[in-house]
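Analysis of the macromolecular model
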Amino acid sequence: MVMNLYLNTAVIFGFYALRQDKEWWKRALLGFGIVCALAIIWLSIGRIGKVTSMIILAAYLLYRLMRVNRLAAIGSASTCIVIGIVFMFLIPEMRVKSLQGDPREAVWNYSWRMIKEKPFTGYGVSTLGVKYVEEAYQDSVMLHGYIEPIINTYPVFSEQGKTMNTHHPHNAFLMYWLAVGIIGVILLLALFGTATCLPVGHDKVYLWLMLLAIFLQSLTEPIGFHLLAQFIAVMLFVWERTYPHAECQKACR
């Protein structure tokens with residue numbers, strides 16, 4: 001669920017804002033908003049969103065407490081991780097039985113077999129949009145593992161027709177690999193790599209957490225159809241413009 005990515009990003013911005021705002025009522029409102037966002041994530045059915053939120057909480061606690069007491073920081077972060085893991089396994093959709101036979105396994109299996117046919121050049125965006133969908137209905141793994149239990153079961157998918165919007169690889173890296181070959185994977189990895197080097201001051205941990213959230217979400221969603229490229233661009237622009245400005249203000253005081 002891409003909505004969880006937006007909420008996790010809001011949580012990260014909320015943690016950064018807590019560091020900037022000193023007035024108690026602003027911090028209280030921010031804290032309440034963060035708790036609400038996390039609650040929505042944990043009540044949703046998105047697995048990646050839950051895992052990402054746990055990582056964000058643990059990393060934030062570790063980062064903030066490391067400046068006070070390293071032992072307390074490690075202990076708090078570890079406790080957060082343990083509690084999160086236990087809590088996740090209490091949720092039905094996170095149990096092993098629920099993870100086994102996930103429709104995405106059929107999609108990834110089908111996508112990988114197509115990749116192996118043209119690993120270096122890919123199929124091209126236009127050709128892939130036709131070939132991927134049409135041959136999916138001829139592939140037994142895809143047909144019985146994804147199309148029948150998902151596409152043919154839920155009317156909202158059937159109404160959209162046989163398009164890449166509903167039959168996509170459920171993975172940004174697989175999507176680009178299929179479309180333009182191995183160079184697509186390299187360029188996508190380069191995006192994440194270069195983004196970590198943005199001039200955002202000494203608090204890069206917040207930028208890295210945002211990139212981690214986007215990276216994890218891209219493992220189950222394609223960029224373009226569901227995970228909007230505009231969203232990534234706007235978030236990177238905000239970080240690039242906000243941090244240097246904040247650092248300049250501190251230097252001028």
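1. As for the nonpolar core
Counting residues in each nonpolar core, the largest one holds 61 residues, and the members touching the most others are Tyr132, Tyr206 and Met210. Ignoring any residue separated from it by four or fewer positions in sequence, one finds Met210 in contact with Thr9, Ile12, Met235, Leu236 and Trp239.

2. Here we look at the side chain of Thr220
Relative to the elements of secondary structure, Thr220 occurs in the loop between helix H13 (204–218) and helix H14 (229–252). On the accessibility criterion, Thr220 (7% relative accessible area) is buried.

3. Brief notes about the pattern of salt bridges
Under the criterion given, the structure shown has 4 salt bridges. Between Glu23 and Lys26 there is a salt bridge; the shortest N-O distance is 3.3 Å. Classification of Glu23 by relative accessible area gives partly exposed; the value is 40%. A relative accessible area of 29% means that Lys26 is categorised as partly exposed. Arg113 is the partner of Asp139 in a salt bridge, and the nearest nitrogen-oxygen pair spans 2.7 Å.

4. A look at the packing of aromatic side chains
Inspection of the entire model under this criterion finds 11 aromatic pairs. One aromatic cluster is present, built from ring pairs that chain together Phe13, Tyr16, Tyr63, Tyr206 and Trp239.

5. Focus: the confidence of the model for the protein chain
Looking at the protein chain, the pLDDT average stands at 85 and 91% of residues meet or exceed 70. The weakest mean pLDDT in the protein chain belongs to helix H5 (residues 96–99) at 54; the strongest belongs to helix H11 (residues 172–180) at 96.

6. Some remarks on a nonpolar patch on the surface
A surface patch of nonpolar side chains, about 450 Å² in accessible area, is lined by Val125, Val180, Ile183, Ile186 and Leu187. Among the elements that line the nonpolar patch, the one with the most residues is helix H12 (residues 182–195), at 3 residues. By secondary structure assignment, the location of Ile186 is in helix H12.

7. Comments concerning helix H6 (residues 103–117)
With 15 residues, H6 ought to run about 21 Å at 1.5 Å a step, and its terminal C-alpha atoms sit 22 Å apart, in line with that. Burial in H6 covers these residues: Ala106, Val107, Tyr110, Ser111, Met114 and Ile115. Its buried side turned inward, H6 meets helix H7 (125–136), helix H8 (140–151) and H11. Two or three places before Arg104, at the start of H6, stands the capping residue Asp102, its side-chain oxygen 2.7 Å from that residue's backbone nitrogen.

8. With respect to the packing of helix H2 (residues 24–43) against helix H3 (residues 47–66)
Here H2 crosses H3 at 145 degrees, and the two axes come no closer than 8 Å. Like other packed secondary-structure pairs, H2 and H3 cross with a definite hand, here left-handed. Two secondary-structure elements touch here, H2 through Leu38, Ile41 and Trp42 and H3 through Gly49, Lys50, Ser53, Met54 and Leu57. Looking at side-chain class alone, the contact of H2 with H3 contains 5 nonpolar, 2 polar and 1 charged residues.

9. Section: the environment of Tyr137
Along the chain, Tyr137 turns up in the loop between H7 and H8. With a relative accessible area of 21%, Tyr137 lands in the partly exposed category. It is 7.7 Å that separates the C-alpha atoms of Tyr137 and Ile147, two residues lying 10 residues apart in sequence. When neighbours within four sequence positions are excluded, Tyr137 is seen to be in contact with Leu143, Ile147, Ile151, Lys162 and His167. At 2.9 Å, the side chain of Tyr137 forms a polar contact with the side chain of His167.

How each quantity is defined
- Residues numbered from 1 in each chain as written.
- Predicted model: local features only at pLDDT ≥ 70, side-chain atom pairs only at ≥ 80, totals over all residues.
- Heavy atoms only, no water.
- Core = buried A, V, L, I, M, F, W, Y, C linked by side-chain atoms within 4.5 Å.
- Buried < 20%, exposed > 50% of the residue type's maximum accessible area, 1.4 Å probe, protein only.
- Contact = heavy atoms within 4.5 Å.
- Helix = DSSP H or I, 4+ residues; strand = E, 2+ residues; numbered from the N terminus.
- Salt bridge = Lys/Arg side-chain N within 4 Å of Asp/Glu carboxyl O.
- Phe/Tyr/Trp six-rings, centres within 6.5 Å; stacked < 30°, edge-to-face > 60°.
- pLDDT = per-residue confidence, 0-100.
- Patch = residues over 30% accessible without salt bridge, like charges linked within 9 Å, V, L, I, M, F, W, Y side chains within 5 Å.
- Areas by Shrake-Rupley, 256 points an atom, 1.4 Å probe, with all protein chains shown as cover.
- Expected span 1.5 Å × (residues − 1).
- Polar contact = N/O pair within 3.5 Å; in protein donor to acceptor, adjacent residues only side chain to side chain.
- Axes fitted to C-alpha atoms, helices over the stretch in contact; angles between N-to-C directions.
- Left-handed = near helix turned anticlockwise from the far one by under 90°.
- Nonpolar A, V, L, I, M, F, W, Y, C, P; charged D, E, K, R; others polar.

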